[in-house]
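# Breakdown of the fold
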Amino acid sequence: TNKLSAQDFRPKFHFSPKAHWMNDPNGMIYHNGIYHLFYQYYPNDTKWGPMHWGHATSKDLFNWKEKPIALYPDSLGMIFSGSAVVDENNTAGFGKNAMVAIFTHHNAEIEKAKTGFYEYQSIAYSTDNGDTWTKYKGNPVLPNPGITDFRDPKVMWFEKDKKWIMTLATKDRVTFYSSTNLKEWKKESEFGNNIGAHGGVWECPDLFPLEVNGETKWVLLVSINPGGPNGGSATQYFTGSFNGETFIPDSDRQKWVDYGTDNYAGITWSNTGKRKIFIGWMNNWQYADLVPTKEWRGATTLPRELGLTKVKDEFYLTSTPVKEMLALIKPVGKTKILSTEKNLNLSETVKSLKGCFKLSLTFDASESFSINLSNNKGEKLIVGYDKLGNYFIDRTKAGISNFEKGFARKHIAPRISKSKVGKITIVLDAASLELFADEGLTSMTDTFFPKSPLSKLEIIKGGKKPITEIAISSISVRK
Ligand code: FRU
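Residues numbered from 1 in each chain as written. Predicted model: local features only at pLDDT ≥ 70, side-chain atom pairs only at ≥ 80, totals over all residues. Heavy atoms only, no water.

So, on to the overall build of the protein. When helices and strands are counted, the protein shows two helices and 35 strands. Expected size for 479 residues packed as a compact globule is a radius of gyration near 23 Å; at 22 Å, the protein falls within 12% of this value. In terms of overall dimensions, the protein has a C-alpha envelope of 70 × 50 × 40 Å along the principal axes. A buried classification covers 61% of the 479 residues belonging to the protein. Taking the contacts inside the protein whose residues are at least 6 apart along the sequence as the reference set, 59% of them involve residues at least 24 apart. On the protein, roughly 19,100 Å² of surface is accessible, and the fraction owed to carbon and sulfur atoms is 50%. Within the protein, the 51 negative side-chain charges are centred at a point lying 5 Å from the centre of the 61 positive side-chain charges. (Helix = DSSP H or I, 4+ residues; strand = E, 2+ residues; numbered from the N terminus. Rg over C-alpha atoms; globule rule 2.2 N^0.38 Å. Buried < 20%, exposed > 50% of the residue type's maximum accessible area, 1.4 Å probe, protein only. Contact = heavy atoms within 4.5 Å. Areas by Shrake-Rupley, 256 points an atom, 1.4 Å probe, with all protein chains shown as cover. Lys, Arg positive; Asp, Glu negative; His and termini not counted. Charge placed at Lys NZ, Arg CZ, Asp CG, Glu CD.)

Core analysis: the largest hydrophobic core is formed by 55 residues, its most contacted members being I371, L373 and L433. Mapping this core onto the domain boundaries places at least three of its residues in each of domain 1 (18-321) and domain 2 (329-475). F13, L61, L328 and C356 belong to the second largest nonpolar core, which has 26 residues in total. (Core = buried A, V, L, I, M, F, W, Y, C linked by side-chain atoms within 4.5 Å. Domains from an automatic or database assignment.)

On to the domain arrangement of the protein, then. In many analyses, interface size is given as the accessible surface area lost on bringing the parts together. Taken as a whole, the protein is organised into domain 1 (18-321) and domain 2 (329-475). Just the C-alpha atoms count here: the centres of domain 1 and domain 2 sit 31 Å apart. Of the roughly 2,200 Å² buried where domain 1 meets domain 2, counting both sides, 65% is carbon and sulfur surface. Taken together, domain 1 and domain 2 are joined by two salt bridges. Across the salt bridge formed by E434 and R304, the nearest N and O atoms sit 2.6 Å from each other. Remark: the boundary between domain 1 and domain 2 carries 16 residue pairs in polar contact (both at pLDDT 80 or more). (Buried area = accessible area lost by both parts, 1.4 Å probe. Salt bridge = Lys/Arg side-chain N within 4 Å of Asp/Glu carboxyl O. Polar contact = N/O pair within 3.5 Å; in protein donor to acceptor, adjacent residues only side chain to side chain.)

For the rest of this paragraph, the subject is the site of the ligand. In the vicinity of the ligand, the contacting residues are N23, D24, Q40, W48, M51, F80, S81, R151, D152, E203, Y264 and W285. Take E203: an N or O atom from its side chain is 2.8 Å from an oxygen atom of the ligand. W285 is positioned with one of its side-chain polar atoms (N or O) 2.8 Å from an oxygen atom of the ligand. Those elements that provide at least two residues to the shell around the ligand are β1 (20-31), β5 (78-87) and β9 (151-158). Taken together, the residues that form the shell around the ligand break down as five nonpolar, three polar and four charged. (Near = heavy atom within 4 Å. Nonpolar A, V, L, I, M, F, W, Y, C, P; charged D, E, K, R; others polar.)

As structure tokens, then:
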């Protein structure tokens, strides 16, 4: 039949819990050949509620196995966002190579008493590869110093000084703390109260080094809600230097990890060496608990490999789907098409793919084009490039949107690359589209809710120059 069930919006190759609510990805860590993903989870409803850490594991970042809940709320509060590390040198005394989670306790009782200072940091450890977790009896390890929003610790090992660094979101800035044992924390410095975007509260920061041409640069990600470039929640970043005490940005102006409206609270995996793998929550607080899914609510973005590229003397973050995705994709139709016609209809090629596929185009950046994705209900999602220098996703007519007044919109992202040849890849998974342009220099993630799969595809050129390459691949989906 043609009737769509709520499960049809559920991504086929992105992680989402089978049932109930999820928001931020938490505590991602690679350990003994397994990728762990924890996440903000409420196991009793499809709306946000007292937070737990859900848990899933994978060997390839795509096939996820849901595990028992890792952390439950307790007398100190709900379990808010945070990170995890492998304690190789047993600095905390929980055992060599113990996994240690560092998270925020959010105490609703104190919140009700309106003291304002109801968030503090705690730790828990696992010595059985993440199967069971024990909360440290000395919690909290970082009490609240009198700051309303004091959360989302991301911890990394700073080898040069043999100490842990915690990057914490503290209202309108981040604060860096250090520790030699994960239990006692010392404040090092603050960053950002008069730098970057400030349309909302700062949340879920991440600090990590990336190497580019033999040079080490530091990247600081900071989610902000609201205040994103296309409304609501989004993640800004800064490049700069970090010496174990302070972060010095290259510029006072923020850049954006993703210009779509559905990539929030993303951070990177711990313990992956020089490789930095990012995943975000594919949603936006502006409508997160209103989106028309049933049984489950919330998913992650594709896992993305982060890199840095210099454009006109400035460093930019690049994000592209991790190489593990190659194992899932298979070219369909003609492997490569050259399009000289004005309109190219590729519906035959994609019609059996149920709105789950990957499309790559190489084009001349002096001409506009659009990619029209549609279905038999007349719903239409338009993705494209405007030669004035923007990419866009227009979900105005892409399906159900009456749940929130700001949802049906066109979103715009600047093209950052200066190259004359443009390249984009879009990845569609039922109810989401991710766009990666110019080797990942511009990215956009949008969700949409079509009443039947988008299985019609047309490419409309804005000028006479050919699109030099079009390639479509199917993506193998979860059974
Ligand atoms: C970000 C966030 C975090 C917080 C968590 C609560 O989406 O607000 O700051 O820890 O969600 O679920």
